[in-house]
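# Summary of structural features
Residue strings, one per chain:
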Amino acid sequence: MEIYPAVDILDGRCVQLVQGRPEAATVYGDPAAWARRWLDEGADGIHIINLDGAFGRAQKNADLIRAFTRETSAFVELGGGIRSVEDAAGWLDTGVDRVILSTLAVREPETIRMLADEFGSGRVMAGIDARGGEVMIEGWERPAGSYLSWAERFESLGAGSLLYTNVDVEGLQQGIALAPVTDLLRRVKVPVVISGGISSAEDVRALREAGATGAVLGSALYAGKVRLSEVLEAAHADE
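All figures in this text were calculated on a predicted structure; none of them were measured in a lab.

### Concerning the packing of aromatic side chains
Within the structure shown, the criterion is met by eight aromatic pairs. Taken together, a centroid distance of 5.9 Å and an interplanar angle of 40° make the contact between Tyr4 and Phe75 tilted. Placement of the pair is Tyr4 in strand S1 (residues 2-10) and Phe75 in the loop between helix H3 (62-71) and strand S5 (76-79), with a sequence separation of 71 residues. Since its relative accessible area comes to 4%, Tyr4 is described here as buried. Note on Tyr28 and Trp34: the rings are 6.0 Å apart at their centroids and 85° apart in plane angle, and the pair reads as edge-to-face. Classification of Tyr28 as partly exposed rests on a relative accessible area of 25%. For Trp34, a relative accessible area of 16% translates into the label buried. Here the aromatic residues Tyr28, Trp34, Trp38 and Tyr222 are joined through ring pairs into a cluster of three or more. Over the ring of Trp91 we find Arg66, and its NZ or CZ is 5.1 Å from the ring centre.

Below you can see the structure in the form of structure tokens.
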């Protein structure tokens, strides 16, 4: 199981939000410095979200993100504000290893097939941001149907992996909700990375035992509630 610390970027700064609300941002400083720190501490890769993109300001932070991906050989996955095939292809061409398609995947599902055909399914991740079992799009503001149904559809279209974010627990640092994760893992065969609420090594151990292939850590890691070394040990046990 792989661990991806989140580097969420808003207005050029590394931040963590609570429940996806920009007004609830805690600012941590230089995104590239944080990314390098997590990699130095042994992270399997970096999970970058261009929050300005997610809130409709797609080009903001682009130069900063491109500069970081050029300077590192580490695995980088990127989401936020990818609103077209051209956006996604541009990021993949500049060195991002995997793009995360969320709103675009729901609005134009065939985008997944097009990108998988051109770049390989392993570089295309469909993002499933769910609240109360329903996919949320456009910055988690609009519901779009059952997360399980969308997961199956994304898999059938050629997504090489899924990112499941439980919006109900995201950013609260109160632990995961395992039942919807288990339901999802029963429905699809592609690798699933989990985000939202992960606050302890025990959360990571539970996800690994359930069959998740990766986990994204954010608020609890930055707040010092959990150490990356503890999480890595839980994720990599028995490997």
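### With respect to the pairing of S1
Remark: a regular strand shows side chains that alternate across the two faces of the sheet. The buried fraction of S1 is high, at eight of nine residues. Pairing between S1 and strand S12 (residues 214-217): four bridges, direction parallel. Bridge assignment links Tyr4 to a residue of S12, and that residue is Val216. Bridge analysis of S1 against strand S4 (residues 46-50) gives four bridges, and the strand direction is parallel. Paired with Val7 across the bridge in S4 is Ile48. As defined by bridge partners, S1 adjoins strand S2 (residues 13-18) across three bridges and the pair is classed as antiparallel. Looking at S2, one finds that Ile9 is bridged to Cys14. Linking S1 back to S2 in an antiparallel pair, the connection comprises two residues, with Asp11 at a positive phi of about 55°.

### Considering the nonpolar core
Judged by nonpolar contacts, the single largest core of 71 residues is most densely connected at Leu101, Phe154 and Leu162. The greatest single-element share of this core, amounting to six residues, is contributed by helix H7 (residues 147-157). Counting residues in hydrophobic clusters, the runner-up holds twelve residues, among them Leu10, Val15, Leu17 and Val193.

How each quantity is defined
Residues numbered from 1 in each chain as written. Predicted model: local features only at pLDDT ≥ 70, side-chain atom pairs only at ≥ 80, totals over all residues. Heavy atoms only, no water. Phe/Tyr/Trp six-rings, centres within 6.5 Å; stacked < 30°, edge-to-face > 60°. Helix = DSSP H or I, 4+ residues; strand = E, 2+ residues; numbered from the N terminus. Buried < 20%, exposed > 50% of the residue type's maximum accessible area, 1.4 Å probe, protein only. Lys NZ or Arg CZ within 6 Å of the ring centre and 35° of its normal. Pairing = 2+ DSSP bridges. Core = buried A, V, L, I, M, F, W, Y, C linked by side-chain atoms within 4.5 Å.

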